[in-house]
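Residue-level structure breakdown
What follows is the residue order along each chain.
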Amino acid sequence: MKNNFTILIILVSITFSFSSCNAVKYVPENEHLLTKNTIIVNNKKTIDNEISDYIIQRPNQLVLGIPFPLYFYNIGNKNFETDFEKWKENNPGWYKFTKGVFSEKQARGIRNFKYNMHQWWLKNGEEPVILSPTKTKQTTENLKQHYFHEGFFNAKVTAKNNFLKNKKATVQYIVKTGKPYILDTINSSIESAVLDSIYKAHIKETLIKKGEQFRFSTFIEEQNRISTLFRNSGIYRFNKNAILVDVDSTNYKANINLIINDSIADVPFKIQKIKSVNIYTDYSFNNKDKPIKDSLNFNGYHFLAQTKLNYNPKILLNSVFIEPNTIYKDESRELTRKHLRNLNNFKSVNIKYTELPNSDDLLASIYLTPLKKYSLGFNTELNHSNIRQLGVSGKLSFLNRNIFKGAEILKFSIQGSFLDSKDAATNNKLLNAWEIGSDISLTLPRFLLPFKTDKLVPKKMSPKTTFSLGTSLQKNIGLDKQKFTGIIDYTWNSSKTINQSLQLLNAQFIKNLNINSYFNIYKSEFNQIQNIANTYFNETVTTDNVIDFINTYIDASFETSNPDEFKLAQNIKKRYNIITEDVLVPSIAYTFTFNNSQNYKDTDFSFFRARVVSSGNLSTLLSNTRDENNVKTILKTPIAQFIRTDFEYKKFWNLQQENVLAFRTFLGIAYPFGNSSSIPFSRSYFIGGPNDLRAWKIYDLGPGSSRTGLEYNVGSLKFISSLEYRFKIINSIKGALFVDTGNIWDITNSPVTLESAKFKGINSIKDIAIGSGFGIRYDLSFILLRLDLGFKTYEPYLEKGNQWFTNYNFNHTVYNFGISYPF
């Protein structure tokens, strides 16, 4: 226990050392460092982030309650040059001594080095926030305006400065809202009969309702709703600036008159139809004046090309939602632009409308600028995962767009990697393993099925079909595997936030090439069998005859006298059979994904994914061949039959000033049946590693509370949950505090499985391991480098009384190097 508080002592020491820094070092005389803002609304303190956004001047950023960026800034010397000259004048002897020891050039270099160091602290730190009366006044105006827009027309806001010792100050913003104004009578004045009929047909959708509190934001939303309504009802010229609101307020009641003008620039609003649609399939701005050489009319659409029409009109129209002889709709234009871009065949997509003379009709023109048909790419990357500590990979890819004139994409790639593997014979060397592979895929922007699916999955859901074949060969990774994979995948977007995928086929054939090295790699298992052989039989085993020894000596009579050792030996044999067995995994998989993230920079969103995989059901029905173990096979390879379900949920909260709280939980269950008594090793669950339970190395924990000492521990049930607080320290340097919980268990009910490894319902909660720690991240914008230190907080496999904080020290710390965030 003497080392259990080492981390705490270090952190406290660092905290106190920074706290002792002079926070007001660069605060001028008669000025004050702003340390806190408080908003009090109707005598109650508020922490509403939306209201806090109206505060112009904020205190220096806090990291775990300490203004580290300010302290970094204060380490630098703003007056270094002046102070250096003064030092020369006041200490001529020392200056002369320095010049005597060092040359003039060396002395100047030392001086420049110190100057640059001070500049680095000043540049990367955060200068003190000096209390500004002007900004305080502007904040009071902002708050008053905010509450006015919320219907508190008589709101009053005052600011109170609290001056503290040592040139520090806080500000209190005191808000008295008064009574809100309530919407009373709501009338509309719409001069255009066309607009009036459309508006009244959708009056139930209005956001302005009698009896609700007046809110300016509601009127903005209503203005946008009405504008969208009209522009999707054929009113091509409509602009939301034509919508006005007249408010008459008295006695805390607001009487509303909604005014919609009947024209813009003296041109009356009217419903306009699209007479025809022109699609230019090879448009280029530089060649825009060249004549059209090829054209085709199809279903009312005019396809035009300056060279040759290279796209199948029928298939290309799956991505076009603008239809001839229909009214103008904004949503049709946006859908068309989005879907054409998603084809990844066009460099640009431009849609223009032209009003035809002497009519109310429109001409829609779609200008498509194609990407190059062929492209060759080469990229390299540094990669890292739970399984591979470090890897350098290269990939050469060839792309053929529009290969069958239906915007299809054919991709062929060859990739190779050098990896760091502890399985290699030369595991003391870096990048001691390698992997090569190739893939070919064909992506079609539609479903390729023998029946129509338009009613189930309409074209606006962007249906896609992907066929892919791949193979890979590994050396010095486990038992050296060769894999062949074939996939038929159907994907579609049910909405902006929901994506679905149905893999009608996801077949993988796995062949082990280095079975004879099994007990050289899994040395702990070999040592355990060797111990049994020496202790009970006075025999010597080698890595080549372990299985023969088990088959010969570990029998029923041995089980009677040594049940624990019998189970151990049989379990090792079982693992040997699972891991070394070549296997065919012919599966069907369905994946549902919800993600309301706006973009890759979004830090306030939710994510949920559910995946169901069924393997071997159809294959075992069709197969008539069996091996010596009565297991059905295809081409003499056992068929894996199991069902697996995975559920993952992630939630991110953007707190403030780049502080994010992240939560992740995962539950996975895999169950073998029928033709299989176990889950293939490649489909089993493991725990630990830089993206998982970070206080344990990959494969080191579980199953359950067992402590097998094996190199690779896997299970058929997995649970993990993580909570991580991410914060900015200084510029691109960021930090994190985290807690991870989880474990794996066995649910196959195999007679040789240890009792401590089995899942026993609610009683298995005590088997959940807990790890905690902190991390340092360096954000390079295009990549994030991560170092997380995980500490074993609760170890379920230890004796009661020793499970908490026994190994919570740097001697047992797991250092996790990673690229990007762990989740």
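Located above this text is the structure these notes cover.
Read on for an overview of the structure. All values derive from a computational prediction rather than experimental measurement.

Glancing now at the overall build of the protein chain. Counting its secondary structure elements, the protein chain contains 17 helices and 34 strands. Expressed along its principal axes, the backbone C-alpha trace of the protein chain runs to roughly 105 × 90 × 65 Å. Looking at the 823 residues of the protein chain, the share that counts as buried comes to 45%. For the protein chain, contacts bridging at least 24 residues in sequence account for 64% of all contacts bridging at least 6. Carbon together with sulfur atoms contributes 55% to the accessible area of the protein chain, which is approximately 44,400 Å² in total. Distance between charge centres in the protein chain, computed from 101 positive and 73 negative side chains, equals 4 Å.

Here three strands make up an open sheet; going across it, the order is 25-26-27 and the pairing antiparallel. In the strand order of this sheet, the two ends are held by strand 25 (625–626) and strand 27 (637–638), each with one partner. As defined by bridge partners, strand 26 (residues 632–634) adjoins strand 27 across two bridges and the pair is classed as antiparallel. Each bridged residue has a counterpart across the sheet, and for Ile634 the counterpart in strand 27 is Thr637.

Glancing now at the pattern of salt bridges. All chains considered together, the criterion is met by 30 salt bridges. With a shortest N-O distance of 3.6 Å, Asp582 and Lys511 are connected by a salt bridge. Remark: Lys511 occurs in strand 22 (residues 498–512) and Asp582 occurs in the loop between helix 16 (563–580) and strand 23 (583–595); sequence separation between them is 71 residues. Using a relative accessible area of 35% as the deciding quantity, one classes Lys511 as partly exposed. Glu724 serves as the salt-bridge partner of Arg694, at 2.7 Å between the closest nitrogen and oxygen. Here Arg694 is found in the loop between strand 29 (659–672) and strand 30 (717–730), whereas its partner Glu724 is found in strand 30, with 30 residues between them in sequence. Put simply, Arg694, Glu724, Arg726, Asp740, Arg777, Arg786 and Asp788 are held in one network by salt bridges that share partners.

On to the sheet that holds strand 6 (residues 243–250), then. Sheets are built from strands paired through backbone hydrogen bonds, the pairs being either parallel or antiparallel. Taken in spatial order, the three strands line up as 5-7-6 in an open sheet, and their pairing is mixed. For this open sheet the edge positions go to strand 5 (182–190) and strand 6, each flanked by a neighbour on one side alone. Each adjacent strand pair in this sheet contributes to an overall mean axis angle of 20°, direction not counted. With seven bridges connecting them, strand 5 and strand 7 (residues 253–260) associate as parallel partners. Within strand 7, the position partnered with Ile186 by the bridge is Ile256. Sheet contacts for helix 8 (residues 193–201): strand 5 and strand 7; angle to strand 5, the most-contacted strand, approximately 145°.

On to the nonpolar core. Counting residues in hydrophobic clusters, the biggest one holds 28 residues, and the most contacted among them are Phe519, Ile554 and Phe681. For this core, the secondary-structure elements that each account for two or more residues are helix 12 (518–521), helix 13 (523–537), helix 14 (546–553) and helix 16. Tallying contributions element by element places helix 16 first for this core, with six residues. Those residues in contact with Ile554 that sit more than four places away from it in its chain are Ile532, Phe537, Phe549, Phe566, Ala569 and Gln570. Of all hydrophobic cores here, the second largest spans 25 residues; its members include Val277, Ile279, Tyr328 and Ala364.

Right, let's talk about the side chain of Ser52 for a bit. By the secondary structure assignment, Ser52 is in helix 2 (residues 49–52). Excluding anything up to four places from it in sequence, Ser52 contacts Ile39 and Arg58.

So, about the side chain of Gln503. As for its placement among the helices and strands, Gln503 is situated in strand 22. A distance of 2.7 Å separates polar atoms of two side chains, one belonging to Gln503 and the other to Asn506. Among the polar contacts made by the side chain of Gln503, one reaches the side chain of Arg611 at a distance of 3.4 Å. Excluding residues that lie within four positions of it along the chain, Gln503 makes contacts with Ile487, Ile488, Asp489, Ser587, Ile588, Ala589 and Arg611.

A few words now on helix 6 (residues 104–124). Residues spaced three or four apart along an α-helix point in a common direction, a consequence of the helix completing one turn every 3.6 residues. An ideal rise of 1.5 Å per residue puts 30 Å on 21 residues; helix 6 measures up with 30 Å between its terminal C-alpha atoms. Taken together, the buried positions of helix 6 are occupied by Ala107, Arg111, His118, Leu122 and Asn124. Against the buried residues of helix 6 lie helix 3 (68–75), helix 4 (80–90) and strand 30.

Ring pairs (aromatic) are described by centroid distance and by the angle formed between their planes. Under the criterion given, the structure shown has 45 aromatic pairs. Considering the side-chain rings of Trp120 and Trp121, the 5.1 Å spacing of their centres and the 85° angle between planes classify their relative orientation as edge-to-face. Using a relative accessible area of 21% as the deciding quantity, one classes Trp121 as partly exposed. An aromatic cluster is built from Phe774, Phe791, Tyr794, Trp804, Phe805, Tyr808 and Phe810, whose rings are joined through pairwise contacts. One residue, Lys718, lies across the ring of Phe686, its end atom 5.5 Å from the ring centre.

Turning our attention to helix 11 (residues 330–342). With 13 residues, helix 11 extends 19 Å between its outermost C-alpha atoms, agreeing within 8% with the 18 Å of an ideal straight helix rising 1.5 Å per residue. Buried within helix 11 are the following residues: Ser332, Arg333, Thr336, Arg337, His339 and Leu340. Buried residues in helix 11 make contact with helix 9 (216–231), helix 10 (313–316), strand 14 (346–355) and strand 15 (361–370). Asn344 sits one or two positions beyond helix 11 and adopts a positive phi of about 55°.

So, on to the packing of helix 8 against helix 9. Packed helices, taken two at a time, are described by their axes: the angle between them and the distance between them. Axis separation between helix 8 and helix 9 bottoms out at 10 Å; the angle between their running directions is 115°. Put simply, helix 8 runs roughly perpendicular to helix 9. Where helix 8 crosses over helix 9, the two elements pack in a sense that is right-handed. Within the contact between the two elements, helix 8 uses Leu195, Ile198 and Tyr199 and helix 9 uses Glu222, Arg225, Ile226, Leu229 and Phe230. Residue composition of the contact of helix 8 with helix 9, by class: six nonpolar, no polar and two charged.

Sheet analysis places strand 19 (residues 433–444) next to strand 20 (residues 464–475), joined by 11 bridges and oriented antiparallel. Across the sheet, the residue bridging to Leu444 is Thr465, located in strand 20.

So, on to unusual backbone geometry. With an omega of -5°, the peptide bond running from Gly702 to Pro703 counts as cis. Among the structural elements, Pro703 can be located in the loop between strand 29 and strand 30. With a phi close to 55°, Leu64 is a non-glycine residue in the positive phi region. In the Ramachandran plot, Asn344 falls in the positive-phi region, its phi being about 55° despite a non-glycine side chain. Structurally, Asn344 can be placed in the loop between helix 11 and strand 14.

For the rest of this paragraph, the subject is the packing of helix 14 against helix 16. Here helix 14 crosses helix 16 at 135°, and the two axes come no closer than 11 Å. In terms of axis orientation, helix 14 runs oblique to helix 16. Where helix 14 crosses over helix 16, the handedness of that crossing is left-handed. Judged by residue contacts, Ile547, Ile550 and Asn551 of helix 14 engage Ala569, Gln570, Lys573 and Tyr576 from helix 16. Of the residues that constitute the contact of helix 14 with helix 16, the class distribution is four nonpolar, two polar and one charged.

What follows is about the environment of Phe774. For Phe774, the position within the fold is in strand 32 (residues 769–779). Residue classification places Phe774 among the partly exposed positions, given a relative accessible area of 23%.

Thresholds, definitions, all that
Residues numbered from 1 in each chain as written. Predicted model: local features only at pLDDT ≥ 70, side-chain atom pairs only at ≥ 80, totals over all residues. Heavy atoms only, no water. Helix = DSSP H or I, 4+ residues; strand = E, 2+ residues; numbered from the N terminus. Buried < 20%, exposed > 50% of the residue type's maximum accessible area, 1.4 Å probe, protein only. Contact = heavy atoms within 4.5 Å. Areas by Shrake-Rupley, 256 points an atom, 1.4 Å probe, with all protein chains shown as cover. Lys, Arg positive; Asp, Glu negative; His and termini not counted. Charge placed at Lys NZ, Arg CZ, Asp CG, Glu CD. Pairing = 2+ DSSP bridges. Salt bridge = Lys/Arg side-chain N within 4 Å of Asp/Glu carboxyl O. Axes fitted to C-alpha atoms, helices over the stretch in contact; angles between N-to-C directions. Core = buried A, V, L, I, M, F, W, Y, C linked by side-chain atoms within 4.5 Å. Polar contact = N/O pair within 3.5 Å; in protein donor to acceptor, adjacent residues only side chain to side chain. Expected span 1.5 Å × (residues − 1). Phe/Tyr/Trp six-rings, centres within 6.5 Å; stacked < 30°, edge-to-face > 60°. Lys NZ or Arg CZ within 6 Å of the ring centre and 35° of its normal. Parallel < 35°, antiparallel > 145°, perpendicular 65-115°, else oblique. Left-handed = near helix turned anticlockwise from the far one by under 90°. Nonpolar A, V, L, I, M, F, W, Y, C, P; charged D, E, K, R; others polar.

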